[in-house]
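Chain and residue survey
Each chain is listed here by its residues.
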Amino acid sequence: MASSHSSSPVPQGSSSDVFFKKEVDPTKHIRPVQSLPDVCPKEPTGDSNSLCVAPSLVTDQHRWTIYHSKVNLPAALNDPRLAKRESDFFTKTWGPDFVDTEVIPSFYLPQISKEHFTIYQQEISQREKIHERCKNICPPKDTFDRTLVHTHDKSRTDLEQVPKIFMKPDFALDDSLTFNSVLPWSHFNTAGGKGNRDAASSKLLQEKLSHYLDIVEVNIAHQISLRSEAFFHAMTSQHELQDYLKKTSQAVKMLRDKIAQIDKVMCEGSLHILRLALTRNNCVKVYNKLKLMATVHQTQPTVQVLLSTSEFVGALDLIATTQEVLQQELQGIHSFRHLGSQLCELEKLIDKMMIAEFSTYSHSDLNRPLEDDCQVLEEVCVLNCYRTCFSQIIVSKIILNFKVCQTYEVLHYVTLANQMRMLNFPQWFDLLKDIFSKFTIFLQRVKATLNIIHSVVHSVLDKNQRTRELEEISQQKNATKDNSLDTEVAYLIHEGMFISDAFSEGELTAMTVDTASQRNASPNSEPCSSDSVSEPECTTDSSSSKEQTSSSATPGGVDIMVSEDMKLTDLELGKLANNIQELLYSASDICHDRAVKFLMSRAKDGFLEKLNSMEFITLSRLMETFILDTEQICGRKSMSLLGALQSQANKFVNRFHEERKTKLSLLLDNERWKQADVPAEFQDLVDSISDGKIALPEKKLGATEERKPAEVLIVEGQQYAVVGTVLLLIRIILEYCQCVDNIPSVTTDMLTRLSDLLKYFNSRSCQLVLGAGALQVVGLKTITTKNLALSSRCLQLIVHYIPVIRAHFEARLPPKQYSMLRHFDHITKDYHDHIAEISAKLVAIMDSLFDKLLSKYEVKAPVPSACFRNICKQMAKMHEAIFDLLPEEQTQMLFLRINASYKLHLKKQLSHLNVINDGGPQNGLVTADVAFYTGNLQALKGLKDLDLNMAEIWEQKR
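Residues numbered from 1 in each chain as written. Predicted model: local features only at pLDDT ≥ 70, side-chain atom pairs only at ≥ 80, totals over all residues. Heavy atoms only, no water.

In the nomenclature of an unreviewed UniProt entry, the protein chain is known as Vacuolar protein sorting-associated protein 54 of Prolemur simus. Word for word, the UniProt comment on the protein chain under Sequence similarities (unreviewed entry) is "Belongs to the VPS54 family." Recorded under Subunit (unreviewed entry), the UniProt text for the protein chain is reproduced unchanged: "Component of the Golgi-associated retrograde protein (GARP) complex, also called VFT (VPS fifty-three) complex, composed of VPS51, VPS52, VPS53 and VPS54. EIPR1 interacts with GARP complex and mediates its recruitment to the trans-Golgi network. Interacts with VPS51 in an EIPR1-independent manner." (UniProt positions renumbered as here; feature names shortened; annotations may be inferred.)

Encoded structure:
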């Protein structure tokens, strides 16, 4: 037993402890309680003298160092020469007014007297008595500490005489260094005539060691004496504890006897019954295991029998059930260690047999004549083959087989490519049309076959969903039933079994009996065996031994029996359905790939690029129809043929555009910029563009021959005098728009090409007319005002149709490509700028004429002067040239600009001649000439109401 200072009684003085306190002077004797000094160094050096004086961590830590110096800061700062040293520190810092003052008691604090502690003394008095009683047993801590300090100091002084090496924890004489330090060899050397002195030294060493031993023994005896009371107290407590243990042992023995009697009378019989029940249940389980092993042992012969009758479903079902039983119920049985691998080999054999049968069917189905109307060769055969293929490996093999068969079938139609190139377009087109129809029939047959397979998968999915819903309803009912029962859990354990387990086994057995009886009561059930064992013995705990099957009816009326063990998860069935759909996609892609090869084999010599617009449009529509048909059959658009069509369409667009651009360039290079007659077919072409809809009119034989060409083109009530190139340009623009309607996939390309064509016409016409390029290209002598006005009117006609063209393309562009319509905005701006430049050019022509004529004008008779007669003559020629070409509003605006130029030059000339509006003779002559000019100008057709404002020719009077 451990003893402590608090539990061991120690002799103490009287309650006053006056003598004790007087004897032990705190200033002289009291030190902190310290441990025994370490008198030996860690590493002895062999010198006995150095061992005693070596530094020690225990002793050196109590030596005085500079860190033990403690000085009061105010004492260090006070000046001893001053009278009031205590206030020198504060007055030196805060001034002489800082002195000690009497603190006035606070009015808010109550005066505390002894009466306030009366209640506390009454409450603590009982505790004080207990405390005093404890003090009599245990001495005060300070007294005990002083006693220990005094005793310890004395013991320490004695122990300091013992060398430190003896106090080392690893002291051992078998160490040579330690041995030499304790017993130096010099004390035992008797050679050299020094025997008497060495003997004396040896004796002295022996006495010294004996002295060290006495000191240690005295200190040990002293330490034991200090704890003697605690030792005797522990012994007394030990006797009492032994008495308590003896009484407790007797009580425990009596309790065990009583429990044994109770166990014998009340529990032994019941537990024996439970053990018998558990034993019986274990025997039933062993019996069922043996029956299950016997059944599993017959698996391989049964599978061979099923395979001999091509009953793949039953064989795979039996194999899957047996494998599950081996993994769950019969795992670890040595006699069945090779059965699992044998069953796997059988399953692989069955897979190969099914693949061979399905390959035979698919080959027969895909190689029968396409004229046969029957889409499915043998629906029952498909179901019988595929209903067992609930395996990802078999599905992948079937997909591969389908692709091979499809490739073989399609290759039948793409041979003899060299002879095919000898066909003209109608013959080749009919061949392509026939191939597309055959491909469509082929895809329909594949889809019909896969639909039957797909229906099996979906029927299983529906069955799983219904089964899951029924299980959830059953679980909810069972949970409600379990909650209504009050069950007790017994915690008594006997031979490793819970009593509650025994009851559960009994209840489970009863439930199994009810289930088995209900199953045997059904008309389709068969008895498990004819043995004398009860019905529960015919059941097992594994769900795999309950070979439940579910039937799913297909659209063909064939029931597909799917074993519970063969069922896949919904995720696996979903993947299976996706694989079936991917199979149809693969068939469609192969057909499209073969069609592309057929198309490319004919396009090698540039045959497709040489087709005219109608032929290519017919080909494009046929291909688009086939693409849509395959998309409706398969549910997905194949991109290979569509990409080939787009590639050919791009080539067609390039050739289409280059042909028309070249044609337009030739027309412009040969255009003499004279007004052309408008044939009736062009007027019909323009009339066909109504309500913003662009469509080429149908040719009317007979009616066109009787109609005569018109002088102008009438567009929405306005007359347009145009050149022949613009009429053909209108037709070309309509061909671009019509091509977009026929081939929607080239809308963006056509928009870009049409924009380029319109820009080319604008720039080229500007070079030929405004830039006078027609003088060299066509051989014109000069660019007349009539040429300029006619060019402006042609541009105005194109500008009129640009919004219609824009709306046509906007209706056929996807929203994300609307940004391409900005090309029409740029073209419109360029055309307007070109028209404005032509108008400015007409004004500039008259401006140069005015500058030439009016610079020679002199104010003199006759009136009108020759200058004004020439000006009026040129104005009449200008009017005659443009009036029949431009609308009346544009003519008026043009002559207003010309008149403004005329007034500017006349005003400049009058200012040069110093002729002012003063009513003099010169003023009269000028007024007469101006009146002649005004009358002639307003006499022109369409200019009668023109406001000329001739008063602006005179300088303002200053």
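Our focus in this paragraph is the overall build of the protein chain. What the protein chain contains, in helices and strands, is 31 helices and six strands. Relative to its full complement of 958 residues, the protein chain shows a buried share of 36%. Within the protein chain, residue pairs in contact and separated by at least 24 positions form 78% of the contacts whose partners lie at least 6 positions apart. Only carbon and sulfur atoms are counted for the fraction: they give 56% of the accessible area of the protein chain, which is about 59100 Å². (Helix = DSSP H or I, 4+ residues; strand = E, 2+ residues; numbered from the N terminus. Buried < 20%, exposed > 50% of the residue type's maximum accessible area, 1.4 Å probe, protein only. Contact = heavy atoms within 4.5 Å. Areas by Shrake-Rupley, 256 points an atom, 1.4 Å probe, with all protein chains shown as cover.)

This brings us to the confidence of the model for the protein chain. Atomic detail in the predicted coordinates should be set aside for any region of low pLDDT. Here the protein chain averages 75 in pLDDT, and 69% of its residues register 70 or above. Summarising per-element confidence for the protein chain, the mean pLDDT is lowest in helix α1 (residues 18–23) (36) and highest in helix α25 (residues 747–770) (94). Confidence drops under a pLDDT of 50 for residues 386–398, and excluding neighbours within four residues, the segment shows 35 contacts in the predicted structure. Predicted confidence for residues 485–566 stays below pLDDT 50, and this span has 110 contacts to residues more than four positions away or in other chains. (pLDDT = per-residue confidence, 0-100.)

In an α-helix, one turn spans 3.6 residues; hence positions three or four apart end up facing the same way. The terminal C-alpha atoms of helix α12 (residues 312–328), which comprises 17 residues, lie 24 Å apart, in line with the 24 Å expected from a rise of 1.5 Å per residue. Burial analysis of α12 places 14 of its 17 residues in the buried class, the great majority of the element. (Expected span 1.5 Å × (residues − 1).)

On to unusual backbone geometry, then. A cis amide bond links A861 to the next residue, P862, at an omega of 0°. Considering the arrangement of structural elements, one finds P862 in the loop between α28 (822–854) and α29 (866–882). In this chain, V863 is followed by P864 through a cis amide linkage whose omega measures -5°. With respect to the secondary-structure elements, P864 resides in the loop between α28 and α29. The phi angle at W673 is positive, at roughly 55°, despite the residue not being glycine. Its place among the elements puts W673 in the loop between α21 (640–669) and α22 (680–687). A positive phi angle, close to 60°, is found at A772, a residue other than glycine. Structurally, A772 is set in the loop between α25 and α26 (774–777).

To continue, consider empty space enclosed by the protein. In this structure the tally under the stated criterion is two cavities of 30 Å³ or more. In terms of lining residues, the second largest cavity is bounded by I689, I694, I730, I733, L734, Y801 and I805. Broken down by secondary-structure element, the contributors of at least two residues to the lining of the second largest cavity are α24 (724–742) and α27 (785–810). Counting residues per element, the lining of the second largest cavity draws most heavily on α24, at three residues. When grouped by side-chain class, the residues that make up the lining of the second largest cavity number seven nonpolar, no polar and no charged. (1 Å grid on protein atoms, 1.4 Å probe; cavity = no way out; pocket = protein on both sides within 12 Å on 5 of 7 lines; lining within 4 Å. Points joined across faces, edges and corners; volume = space filled by probe spheres on them. Nonpolar A, V, L, I, M, F, W, Y, C, P; charged D, E, K, R; others polar.)

What follows is about the packing of aromatic side chains. Summed over the entire model, instances satisfying the criterion amount to 17 aromatic pairs. Aromatic pair W428 and F598: ring centres 5.9 Å apart, planes at 5°, arrangement stacked. Residue W428 is found in helix α17 (residues 425–483), and its partner F598 is found in helix α19 (residues 570–603); the two are separated by 170 residues along the sequence. Their ring planes at 90° and their centres at 6.1 Å tell us that F868 and Y902 sit as a pair that is edge-to-face. Pair noted here: F868 is in helix α29 and Y902 is in helix α30 (residues 888–913), with a separation of 34 residues, a long-range link. The two residues F868 and Y902 agree in class, both being buried. Members of the aromatic cluster, connected to one another through ring pairs, are F425, W428, F429, F598 and F607. Above the ring of F607, the side-chain terminus of R602 is found at 3.6 Å from the ring centroid. Against the face of F656 rests R660, its NZ or CZ located 3.5 Å from the ring centre. (Phe/Tyr/Trp six-rings, centres within 6.5 Å; stacked < 30°, edge-to-face > 60°. Lys NZ or Arg CZ within 6 Å of the ring centre and 35° of its normal.)

Before going further, it helps to examine the pattern of salt bridges. All chains considered together, the criterion is met by 13 salt bridges. R660 is paired through a salt bridge with E735; the nearest N and O atoms lie 2.8 Å apart. Taken as a pair, R660 in helix α21 and E735 in helix α24 lie far apart in primary sequence, 75 residues in all. Its relative accessible area of 13% is what places R660 among the buried residues. Taking the shortest distance from any N to any O, the salt bridge between D756 and K661 comes out at 3.1 Å. Of this pair, D756 sits in helix α25 while K661 sits in helix α21, and the two are 95 residues apart along the sequence. Accessibility expressed as a relative area gives 24% for K661, which makes it partly exposed. Within this structure, R655, E659, R660, R731 and E735 form a network of salt bridges that share partners. (Salt bridge = Lys/Arg side-chain N within 4 Å of Asp/Glu carboxyl O.)

All right, on to the packing of α21 against α24 then. Running from amino to carboxyl end, α21 crosses α24 at an angle of 170°, the nearest separation of the two axes being 10 Å. Overall, the two elements α21 and α24 adopt an arrangement that is roughly antiparallel. Residues F652, F656, H657, R660, L664, L667 and L668 of α21 touch α24, and the partners they reach there are T725, L728, L729, I732, E735, Y736 and C739. Along the lines of polarity and charge, the residues of the contact of α21 with α24 split into ten nonpolar, two polar and two charged. (Axes fitted to C-alpha atoms, helices over the stretch in contact; angles between N-to-C directions. Parallel < 35°, antiparallel > 145°, perpendicular 65-115°, else oblique.)

So, on to helix α11 (residues 299–308). If you check which residues of α11 are buried, you get T299, V303 and L307. The buried side chains of α11 occupy one side of the element, clustering within an arc of 70° when seen end-on. Of the exposed residues in α11, those oriented more than 90 degrees away from the buried face are V305 and S308. Count one or two residues on from α11 and you reach S310, which has phi positive near 60°. (Arc of directions from axis to C-beta.)

Before going further, it helps to spend a moment on a negative patch on the surface. A cluster of acidic residues, D677, E711, E880 and D884, forms a negative patch on the protein surface. Note on placement: E711 falls in the loop between α23 (703–706) and β5 (713–715). E711 sits in the exposed class, given a relative accessible area of 62%. (Patch = residues over 30% accessible without salt bridge, like charges linked within 9 Å, V, L, I, M, F, W, Y side chains within 5 Å. Lys, Arg positive; Asp, Glu negative; His and termini not counted. Charge placed at Lys NZ, Arg CZ, Asp CG, Glu CD.)

Helix α31 (residues 921–939) packs onto α30 with a crossing angle of 170° between their chain directions and a minimal axis gap of 13 Å. Classed by the angle they form, the pair α30 and α31 counts as roughly antiparallel. Across from F895, N899, Y902, L906 and L910 in α30, the residues of α31 making contact are V926, V930, Y933 and L937. Taken together, the residues of the contact of α30 with α31 sort by class into eight nonpolar, one polar and no charged.

Turning next to the environment of L667. Relative to the assigned elements, L667 resides in helix α21. Put simply, L667 and L729 are 62 residues apart on the chain and 9.4 Å apart in space, counted from C-alpha to C-alpha. Other than its neighbours up to four places away in sequence, L667 contacts T725 and L728.

So, on to the state of the cysteines. A covalent bond between the sulfur atoms of two cysteines is referred to as a disulfide. In total, this model carries zero disulfides according to the counting rule given. Not engaged in a disulfide, the cysteine C634 finds its nearest cysteine sulfur in C591; these two sulfurs lie 7.8 Å apart. According to the relative accessible area criterion, C634 is buried, its value standing at 2%. (Disulfide = S-S within 2.5 Å.)

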